[in-house]
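Topology and contacts: notes
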Amino acid sequence: MRQLDAVVVGAGFAGLYMLHRLRGLGLSARVFEAGDGIGGTWYWNRYPGARCDVESMDYSYSFSEALQQEWQWTERYAAQPEILKYINHVADRFDLRRDVQCSTRVTSAVFDEAAGRWTIETDRGDQVSARFCVMATGCLSSAQAPTFPGLEGFQGRWYHTGRWPHEGVDFTGQRVGVIGTGSSAIQSIPIIAAQAAHLYVFQRTPNYSIPAHNAPLDRDFERRVKAEYGEFRRQARESRVGFVMERNDVSALAVPREQREGEYEKRWSRGGLGFSATFADLLTSQEANDTAAEFFRAKIRSLVRDPAVADLLTPRDYPLGTKRLCVDTNYYATFNRDNVTLIDLRKTPIEAISPHGLRTSEREYAVDSLVFAIGFDAMTGALLGIDIRGRAGQPLRDKWAAGPRTYLGLTVAGFPNLFMITGPGSPSVLSNMIVSIEQHVDWIAGCMTYLREHGQATIEAEAGAEETWVTHVNEVGHLTLYPRANSWYMGANVPGKPRIFMPYIGGVGTYRQICDEVAAKGYTGFTLQ
Ligand code: N01
């Protein structure tokens, strides 16, 4: 069996940077990637309009000053093809490809207690032994398969936004149905509507979406950032969400109505995710949140001509921001088009896919193509898709049967030398992913160095430390309004999945301090052997 220092699962932003750091430590490593190419999220999600909702100058690696100086983004928010080009550029620039094996899905990772090593197997028949196993499998990589009855008999074409064909899809002249109204749908609907003969949007829950106001990247802004990129990155690392957004310490309820509306209006015109930081308590006080939600509702009414459609597009049963805020270009205005129809699945649920369309409890809609924008088995799906077994053969699937349990979102008790990058229990999806990825990879690399310098073979989270961390993650989560929504953060979008608020909401800066302190004190909460 091939012997390696480390196996990394996944060649997205996380896996590639991990490989770069492992090389720097002089460790032998192999990256296995299920896709036919590198890029992770940005390899798979090629649906029309796919674009990052964190600004380009923030959503990029910071580990190389030369890289961040030489790369030029074209837009305020980069589109999927540009981000994929960037990742490929990074892979070439740092000569990463020779240790990446694509088109290879890791099927199992089993800890051999006697040897103190992991045995990793793939669907291509690889079997390797590694001291460290690093899961860089992504938080939103396990696409939810559509399970609607009758789909197998559908005579048209169907697509999942998270598994989009590489050659693209031209919907010109077609009748198209989009199922779902999350971020992926909200980005693709305006573009599909402009192509299709008719677009039917099947909505279960309306979302809060804010305009992106995307534009070519302001070159003056770029120059200013690049002149002091180090400081810009430092602030991002210490921030709450991994990029600097204007914060306001004041409660929404502490200011007069006109002033409050003025603040919301200012944020709305600026666009993007900063809206939820308009006031200090939007995500902790229902009453404060109601004022922001009310502002949104008025916006939707002003943007959508038909009051009944506007009403249907208006979220009511969960606080703003507790499902991921969406960022759009022309989403609401798209519903003013004559060729777009919105269908309320709460009133008329989908009964089946028929050979030529989709049948709700009310009627049949004839379509040529169906687009499932139904999301992911988030945060745990990709990890539990692999048969991971720790000490005494314990399956991770068993250990996490009632929800994920981790120490720092990085490690699991009973699974020595196994690391997760942006795992559940870390800020991950509540942050700029690149900042969180770099922090985790650097921490893991630091940990491996420590083990080497101290002559230790393995590191393993202690059960007590894990328990304390899980409790802390839960407690902090429940100080906010997040648990009130049926969101994928809560596992609510996957039937049967335990309802746990999975990410850590204590803030990226605070979380980094906690991780650094654990390391500085000789890895408190871990057993080293
Ligand atoms: O998935 P989602 P997504 N029948 O889970 C509906 C990131 N992202 O791919 O809300 C009918 O958000 C479901 O309805 P409901 C971002 O973090 C970022 O859009 O469960 N409908 C919902 O409307 C984002 O949050 C970017 O009632 C069904 C939709 O499908 C995350 O990825 C862009 C259904 C799924 O929405 C996931 O986004 C894209 C069913 N059986 C994604 N099952 C940017 O950076 C599900 N739905 C901008």
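Described in the following lines is the structure provided in the data block. Since the model is a prediction, treat every value here as computed from it, not as a measurement. (Residues numbered from 1 in each chain as written. Predicted model: local features only at pLDDT ≥ 70, side-chain atom pairs only at ≥ 80, totals over all residues. Heavy atoms only, no water.)

1. Let's talk about the overall build of the chain
To keep things clear, this is the line we draw: Elements are defined by DSSP. Helices are runs of H or I of four residues or more, strands are runs of E of two residues or more, and each kind is numbered from the N terminus. We take the radius of gyration over the C-alpha atoms and set the globule estimate at 2.2 Å times the residue count to the 0.38 power. To sort residues, take the accessible area from a 1.4 Å probe on protein chains only and compare it with the maximum for the residue type: under 20% means buried, over 50% means exposed, and anything in between is partly exposed. Note on definitions: a residue-residue contact is assigned when non-hydrogen atoms from the two residues lie within 4.5 Å. Accessible areas in this description were obtained via Shrake-Rupley with a 1.4 Å probe; residue shielding takes into account the shown protein chains only.
Each helix and strand counted, the chain has 16 helices and 20 strands in total. Taking 529 residues into account, the globule formula puts the C-alpha radius of gyration at 24 Å, and the chain, at 23 Å, falls close to it. Scored against the burial criterion, the 529 residues of the chain give a buried share of 59%. The contacts of the chain with a sequence gap of at least 6 include a subset with a gap of at least 24, amounting to 71%. On the chain, roughly 21,000 Å² of surface is accessible, and the fraction owed to carbon and sulfur atoms is 49%.

2. Some points on the site of the ligand
This is how the line gets drawn: Working definition: residue near molecule or strand if any one of its non-hydrogen atoms lies within 4 Å of it. Polar contact is defined as a pair of N or O atoms within 3.5 Å, subject to the rule that within protein one atom must be able to donate a hydrogen and the other to accept it, and that residues adjacent in sequence are counted only when both atoms are side-chain atoms. Side-chain classes are defined by residue name, with Ala, Val, Leu, Ile, Met, Phe, Trp, Tyr, Cys and Pro counting as nonpolar, Asp, Glu, Lys and Arg as charged, and the others, Gly among them, as polar.
Taken together, 24 residues lie near the ligand, and Thr181, Ser183, Ser184, Arg204 and Thr205 sit nearest. Contact distances for the ligand include 3.3 Å between an oxygen atom and a backbone N or O atom of Arg51. With respect to the ligand, the side chain of Trp488 contributes an N or O atom lying 3.0 Å from an oxygen atom. Taking 910 Å² as the accessible area of the ligand by itself, protein coverage stands at 87%. When residues of the shell around the ligand are assigned to their parent elements, the largest contribution, three residues, is made by helix 5 (residues 183-195). Taken together, the residues of the shell around the ligand break down into ten nonpolar, eight polar and six charged.

3. Regarding the nonpolar core
This is how the line gets drawn: Grouping buried Ala, Val, Leu, Ile, Met, Phe, Trp, Tyr and Cys residues that are joined through side-chain atoms within 4.5 Å yields what is termed a nonpolar core.
Ranked by internal contacts, the top residues of the largest apolar core, which has 105 residues, are Phe13, Leu408 and Trp443. When residues in this core are grouped by element, the largest group, nine residues, is from helix 14 (residues 433-453). Apart from residues no more than four positions distant in its own chain, Trp443 is found in contact with Leu408, Leu410, Phe419, Cys515, Asp516, Val518, Ala519, Tyr523 and Phe526. In this structure, Ala50, Val309, Phe335 and Val340 belong to the second largest nonpolar core, which totals 29 residues.

4. Overview of the sheet that holds strand 14 (residues 357-360)
Here is the rule we go by: Any two strands between which DSSP finds at least two bridges are classified as paired. Convention adopted: a line fitted to C-alpha atoms gives each axis, helices being fitted over their contacting stretch, and angles between N-to-C directions are expressed from 0 to 180 degrees.
Spatial strand order, 13-14-15: three strands in an open sheet with antiparallel pairing. Here the strands that pair on one side only, and so sit at the sheet edges, are strand 13 (350-354) and strand 15 (364-366). The mean angle between the axes of side-by-side strands here comes to 20 degrees, regardless of whether they run parallel or antiparallel. Sheet topology places strand 13 next to strand 14; four bridges connect them, and they run antiparallel. Within strand 14, the position partnered with Ile353 by the bridge is Leu358.

5. Some remarks on the sheet that holds strand 16 (residues 369-372)
Taking strand neighbours across the sheet as the criterion, the five strands line up as 7-16-8-9-12 in an open arrangement whose pairing is parallel. Unpaired on one side and paired on the other, strand 7 (157-160) and strand 12 (340-344) mark the two borders of the sheet. Adjacent strand axes in the sheet meet at a mean angle of 15 degrees, parallel and antiparallel pairs treated alike. As paired strands, strand 9 (residues 198-203) and strand 12 are joined by five bridges and run parallel to one another. Residue pairing for strand 12: Tyr200 is matched across the bridge by Thr341.

6. As for the side chain of Lys497
Its place among the elements puts Lys497 in the loop between helix 15 (463-478) and helix 16 (508-520). For Lys497, a relative accessible area of 13% translates into the label buried. Only 2.7 Å separates the side chain of Lys497 from the backbone oxygen of Ala378, close enough to count as a polar contact. Aside from chain neighbours lying at most four places away, what touches Lys497 is Asp377, Ala378, Thr380, Gly491 and Met502.

7. Some details on the packing of aromatic side chains
Each aromatic ring pair is summarised here by two numbers: the centre-to-centre distance and the angle between the ring planes. Condition: Put simply, two rings from Phe, Tyr or Trp (the six-membered ring, in Trp's case) pair if the centres are within 6.5 Å, and we call them stacked under 30 degrees between planes, edge-to-face over 60, tilted for the rest. Geometrically, a lysine NZ or arginine CZ counts as sitting over a ring once it is within 6 Å of the ring centre and also within 35 degrees of the ring normal.
All chains considered together, the criterion is met by 46 aromatic pairs. Aromatic pair Tyr159 and Phe171: ring centres 5.9 Å apart, planes at 90 degrees, arrangement edge-to-face. In this pair, Tyr159 sits in strand 7 while Phe171 sits in the loop between strand 7 and strand 8 (175-179), placing the two residues twelve residues apart along the sequence. In this structure Phe171 comes out as buried when scored by relative accessible area, which is 0%. In textbook terms, an aromatic cluster arises when at least three aromatic residues are bridged by ring pairs, as seen for Phe13, Tyr17, Trp42, Tyr59, Tyr61, Phe63, Trp71, Trp73, Tyr86 and Phe94. Sitting above the plane of the Trp44 ring, Arg163 keeps its charged end 4.3 Å from the centroid.

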